[in-house]
Amino acid sequence: MISRGEVAGLAVAGIGHAALFALLAIGFLSESNNRPPPPPAMEVSLVDKVGLEQMAPVVSTEPEAAKKSELDAPIEPEPAPPEPDPKPVTKPDPPKPQPKPDANAAERKPERSNSRAGGSGSGNRSSGGLPDYAAEFGRGNRPNDSRSTNPPATMTGEAAANIASAIIRQVQPCANRQVSPGPGAERIQAVVRLQLNRDGSLAAPVQIVGHNGVDDSNERYVRRVDDAVKAIFASCSPLRGLPAELYDVTRGWKTFRLNYRLKG
Amino acid sequence: MARTKSGFLLAAALIALAGCTKTPPPDVPGPGPDNGTVVDNGGGDTIRPGSAEDFKRSVMSDTVHFAYDQYDLDAQARAILDTQAQWLLRYPSVRVTIEGHCDERGTREYNLALGDRRANAAKNYLAARGVAPGRITTISYGKERPLALSSDEASWAQNRRAVTIVIS
Amino acid sequence: MRKIVAIGIAVLGATFAHAAAAQPVQAPPIQVPPAQQAGGAQEDDELVVDLEGGQSAPLPIVIPAMPTASVTATTAGSTDELGRKLSSVIDDDLRNTGLFRTVGPNSARPIAYSEVNAPNYGSWATFGAQALVQGYVRANSNGTLTVGCYLYDMSTQAELLRQGFVVGVGDWRRAAHKCADAVYSRLTGEGPYFDSQVVYVAERGPKNRRIKQLAIMDYDGANHRFLTNGQSIVLTPRLSPDQGRIVFMSYEDDRPAIYIYDMKARRQRLLVSNVNLNFAPRFSPDGRWVLFSMAIAGNTDLYRVSASGGTPQRLTTSPGIDTGGSYSPDGRRIVFESDRSGSQQLYVMDADGSNQQRISFGGGRYATPVWSPRGDLVAFTRIGGGAFRIGIMSPGGGGERLLTESWGDEGPSWAPNGRVLMFFRAAPGSGRPDLWSVDLTGANARKIPTPLDGSDPAWGPIRP
């Protein structure tokens, strides 16, 4: 039989026991609970960077514009396409004497023999004699040219545009085949001097006289653009259908300038 | 003052009284011995105190983890390192290496540096807990030695770690 | 290293009875004076035609097998076999740039020896080729080969180049690369890059225990050899400018540090004391310095040390991670990565560590910068949107452009001509990397064949 005192003592002892057990258990598992929490200052000082929020970054204060790409080279202002001459021609070209070299005469002969000049009846089919300048003056290599005499031809704006179109139309397929060597090559414009014979073939090798649009990043491609020009006129030649009477007039197509660019 | 004193005496007496009860006191595991006595875990294996195996069994973990691209220690990491520090303070002659690792979502060289930061973060924390830094070497493995092999967040989280390895 | 001897036109001319066709003489190109540039005020004495046309497509080119004047046996095969192999290598080099559509020795008819410098242009018309590469091979009595290399323009029917190369028989591939380089440069305007080598890390094994070996190979994967045995992790090798040494990082003895491997002696030596973690080494352009990163007590900075060893000089001091690092080709500046701002970004500084300026502001994280050998661009790994991608930007920071689109593309390295990049691409999951290359335009991404997996490629210079 347990007495009331014993029960009370047992209860107190049990609680005290439990308290002791708890104290010892906690003490064993984590002594740090008895210590003050770790001072945050120590963590920061030993580890330089704790997270994304940190000391002011050492960032360049250069304005953004100053970091423009070196590749953004200024593009040369594109030369405006040559205007067909808007001015009315005020003075007609003097009739040009025809002291042509033999080569021209020889080449003109097949043209003349090919041209079906309607009822013109120009009977100059001599096979080696001097060309009949008077009869040829104003004569074109176009069929159905029935005029026997013309006033001296002049290169009007419209005529220039037509000739340019005719040339472009014929060389475009060859131009389109030219392969771009690399990025930026399409900015290069080759300025070319062409000299043609009356039959539209090249009278002299294609002459590259200059370039536009060249910068540090595309300079390495200039030679290939030049190669392309030469390839174009080697492949798409001769140029046909150009008006004979505008061959060797002022601004005629005997010698002219061509600006070429790879397709951008 | 007198009341606390008598209260204390009463508590002491009651605690002493506890020894007189009929029920035996529960088995309270005490702190491990400092000398070389063998702890028998009942399974028959013996682990030398101060050994690597002892370390692994004694501490909360040998590994702490980090957030992506970070090397700060969160509360869990600190708790783990606290247990490591305790153990290391108990065995002052033991040396450790802390390996720092990264997940594969970082570039190779940066990860070598980040792994080094993580290893040093753990080392510095242990040093702050009183472990002599001369006992701790660090090495970074960058992303070269992942633990988990998949390319997903779960694996990457496991790989961002600093591992403490007993070396003597 | 044995230099390939390029022999002159006179010597080649002696080989053939007839001289080559003379090139038409061109007036030297001049810049058009400004007065003529503006189209409005047209010169009043000439017709002007504006023509625009071209295509962005591979250039069609024919490369028949190289004939030999007399079939001779060599240690690399008989000269007629070599002639076909040489043309095949040229064919592969050109086609793999993505810039040429080739008809190679297996499809083109054989040519006669006499055709080599007198091409039969008409016979190639069906291929629509715009260029023709012909050559010959001859075995010399001293164990060398002479390889002739001719390039013709099919439209103008003009010879664009002729070169000859003398190589040891075992180096026959280099002669093909030299010829292909000459053709490539002439037809694209770019510098050469085929006659070059790549050092990289060959990898195999499970993802958590990869075995990594240093390896070196020709840029196309040929002549591959392993340089270390895989017992220690090796990382991030770089070839010296004189190609005689490789600097790399190794975990030998569990102390990750930088070593220099001597190619002739086949031996490595520790460059910097391995007390602290040191890594990410690269040579300066003159080969005298090694730029590297060192981590001390959790902080990584850039240092440089003489390539023959010595006391490192510290270049950066920020508390962030400063690593990576790549010299400009003139050696005066360095681009590197730093997370001092809170995330990995690119910075440029003078080679002595002064004038550090951030250059990347594109919204991603930027790493592993490498300065192009022609100085105009910096390539990098961009981290963002769950992917690693290769990109380029100007050294001033503008013009950022991403070149690849994949999960894990990392660690670009420039070809010697600054037109092509090599990098490694890892697959998600397995993480297994391979070497890839890509053109500067972002086109023509292709895998480089390696015997094992590959990472950390470093493209060497053109071989002399």
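Residues numbered from 1 in each chain as written. Chains lettered and ligands numbered in written order. Predicted model: local features only at pLDDT ≥ 70, side-chain atom pairs only at ≥ 80, totals over all residues. Heavy atoms only, no water.

This is how it is decided: UniProt positions are given in the numbering used here, feature names are shortened, and annotations may be inferred rather than shown by experiment.
Named according to an unreviewed UniProt entry, chain C is Tol-Pal system protein TolB originating from Sphingomonas canadensis. Within the UniProt record for chain C, the comment given under Sequence similarities (unreviewed entry) is "Belongs to the TolB family."

Chain B goes by Peptidoglycan-associated lipoprotein in an unreviewed UniProt entry, where it is assigned to Sphingomonas canadensis. If you open the UniProt record of chain B and go to Subunit (unreviewed entry), you find "The Tol-Pal system is composed of five core proteins: the inner membrane proteins TolA, TolQ and TolR, the periplasmic protein TolB and the outer membrane protein Pal. They form a network linking the inner and outer membranes and the peptidoglycan layer."

**As for the overall build of chain C**
To be explicit about the condition: A run of H or I in DSSP becomes a helix once it reaches four residues, and a run of E becomes a strand once it reaches two; helices and strands are each numbered from the N terminus. Note on classification: 1.4 Å probe, protein chains only; a residue is buried when its accessible area is under 20% of the maximum for its type, exposed when over 50%, partly exposed between these limits. By definition, residues are in contact when any of their heavy atoms lie within 4.5 Å. Accessible surface is estimated by sampling points in the Shrake-Rupley manner with a 1.4 Å probe; for residues, cover comes only from the protein chains shown.
The helix and strand tally for chain C stands at four helices and 31 strands. The buried share of chain C, reckoned over its 464 residues, is 59%. Restricting the contact set of chain C to residue pairs at least 6 apart, pairs at least 24 apart contribute 45%. Surface accessibility of chain C: about 17,000 Å² in total, with carbon and sulfur atoms responsible for 50%.

**Comments concerning unusual backbone geometry**
Trans peptide bonds make up most of the peptide bonds, and negative phi angles are found at most residues other than glycine. Residues A:Ser237 and A:Pro238 are joined by a peptide bond in cis, for which omega reads -5°. Relative to the assigned elements, A:Pro238 resides in the loop between helix 6 (222–235) and strand 3 (255–261). In the Ramachandran plot, C:Thr236 falls in the positive-phi region, its phi being about 45° despite a non-glycine side chain. Here C:Thr236 is to be found in strand 11 (residues 234–239). Overall, the relative accessible area of 8% leaves C:Thr236 in the buried class.

**Description of the state of the cysteines**
Keep this limit in mind: Disulfides are defined as pairs of cysteine sulfur atoms found within 2.5 Å of each other.
On inspection of all chains with the given rule, the structure shows two disulfides over all chains. Disulfide partner of A:Cys174: A:Cys236, at an S-S distance of 1.8 Å. Classification of the bridge connecting A:Cys174 and A:Cys236 rests on its S-S torsion, roughly 85°, and on that basis the disulfide is right-handed. With a gap of 62 residues between them, A:Cys174 in helix 5 (residues 157–176) and A:Cys236 in the loop between helix 6 and strand 3 connect regions that are remote in the sequence. Of the two residues examined, A:Cys174 and A:Cys236, each falls in the buried class. Between the sulfur atoms of C:Cys149 and its disulfide partner C:Cys179 the distance amounts to 2.1 Å. Between C:Cys149 and C:Cys179, the S-S dihedral sits near 80°, and the bridge is therefore right-handed. Taken together, the positions of C:Cys149 in strand 6 (residues 144–153) and C:Cys179 in helix 4 (residues 172–188) put the pair 30 residues apart, joining distant regions of the chain.

**Some points on the sheet that holds strand 20 (residues 333–338) of chain C**
What counts, and what does not: Following DSSP output, two strands are said to pair if at least two bridges run between them.
With antiparallel pairing, four strands are arranged side by side in an open sheet as 19-20-21-22 (chain C). At either margin of the open sheet sits one strand with a lone partner, and together these are strand 19 (322–327) and strand 22 (357–358) of chain C.

**Here's the deal with the pairing of strand 6 of chain C**
Regular strands have side chains that alternate between both faces of the sheet. All names here are of chain C. Across the ten residues of strand 6, ten count as buried, placing the element largely inside the fold. Judged by which residues are buried, strand 6 turns out to be covered on both faces: Thr 144, Thr 146, Gly 148, Tyr 150 and Tyr 152 on one side and Leu 145, Val 147, Cys 149, Leu 151 and Asp 153 on the other are all buried. With nine bridges joining them, strand 5 (residues 131–139) and strand 6 adopt antiparallel strand pairing. Bridge assignment links Tyr 136 to a residue of strand 6, and that residue is Gly 148. A loop of four residues connects strand 5 with strand 6, the two strands running antiparallel in sequence, and Gly 143 in this loop sits at a positive phi of about 80°. Here strand 6 pairs with strand 7 (residues 158–168) via ten bridges, running antiparallel. Paired with Val 147 across the two strands is Phe 165, which belongs to strand 7.

**Brief notes about the pattern of salt bridges**
What counts is decided by this rule: Each reported salt bridge corresponds to a side-chain nitrogen of Lys or Arg within 4 Å of a carboxyl oxygen of Asp or Glu.
In this structure the tally under the stated criterion is 40 salt bridges over all chains. Salt-bridge contacts for A:Arg187 lead to A:Asp215; the nearest nitrogen and oxygen are separated by 2.9 Å. Of this pair, A:Arg187 sits in the loop between helix 5 and strand 1 (189–195) while A:Asp215 sits in the loop between strand 2 (207–212) and helix 6; the two residues are 28 residues apart in sequence, bridging distant segments of the chain. Between C:Arg425 and C:Asp409 there is a salt bridge, with the nearest N and O atoms lying 2.7 Å from each other. Of this pair, C:Arg425 sits in strand 28 (residues 420–426) while C:Asp409 sits in strand 27 (residues 408–414); the two residues are 16 residues apart in sequence, bridging distant segments of the chain. What makes C:Arg425 buried here is its relative accessible area of 18%.

**Considering the packing of helix 3 (residues 79–95) of chain C against helix 4 of chain C**
All names here are of chain C. Defined as follows: Orientation is described by lines fitted to C-alpha atoms, with helices fitted over the stretch in contact, and by angles between N-to-C directions that extend from 0 to 180 degrees. Here the angle decides the label: under 35 degrees means roughly parallel, over 145 means roughly antiparallel, 65 to 115 means roughly perpendicular, and every other value means oblique. Note on convention: the crossing is left-handed when the near helix lies turned anticlockwise from the far helix by less than a right angle, right-handed when the turn is clockwise. Residues are grouped as follows: Ala, Val, Leu, Ile, Met, Phe, Trp, Tyr, Cys and Pro are nonpolar; Asp, Glu, Lys and Arg are charged; every other residue, Gly included, is polar.
Taken N-terminus to C-terminus, the directions of helix 3 and helix 4 make an angle of 45°; their axes are 9 Å apart at the nearest point. Taken together, helix 3 and helix 4 sit at an angle that is classed as oblique. By crossing handedness, the relation of helix 3 to helix 4 is classed as right-handed. Of the residues in helix 4, those in contact with Leu 82, Lys 85, Leu 86, Val 89, Ile 90, Asp 93 and Leu 94 of helix 3 are Trp 172, Arg 173, Ala 175, Ala 176, His 177, Cys 179, Ala 180, Val 183 and Tyr 184. Tallied by class, the residues present in the contact of helix 3 with helix 4 amount to twelve nonpolar, one polar and three charged.

**Concerning the packing of aromatic side chains**
To be explicit about the condition: The pairing test for Phe, Tyr and Trp rings, Trp by its six-membered ring, is centres within 6.5 Å, and the orientation test on the planes gives stacked under 30 degrees, edge-to-face over 60, and tilted for anything in between.
According to the stated counting rule, one finds 19 aromatic pairs over all chains in the structure shown. Note on B:Tyr141 and C:Tyr251: the rings are 5.1 Å apart at their centroids and 10° apart in plane angle, and the pair reads as stacked. Taken together, the residues span two chains, with B:Tyr141 in strand 3 (residues 136–142) and C:Tyr251 in the loop between strand 12 (245–250) and strand 13 (257–262). Looking at B:Tyr141, the relative accessible area reads 12%, which means it is buried. For C:Tyr251, a relative accessible area of 4% puts it in the buried group. Both rings, one in C:Phe248 and one in C:Tyr259, keep their centres 6.1 Å apart while their planes meet at 25°; by these two values the pair is stacked. Within this pair, whereas C:Phe248 is found in strand 12, its partner C:Tyr259 is found in strand 13, the two being separated by eleven residues in sequence. Like C:Phe248, the residue C:Tyr259 is buried in the burial classification.

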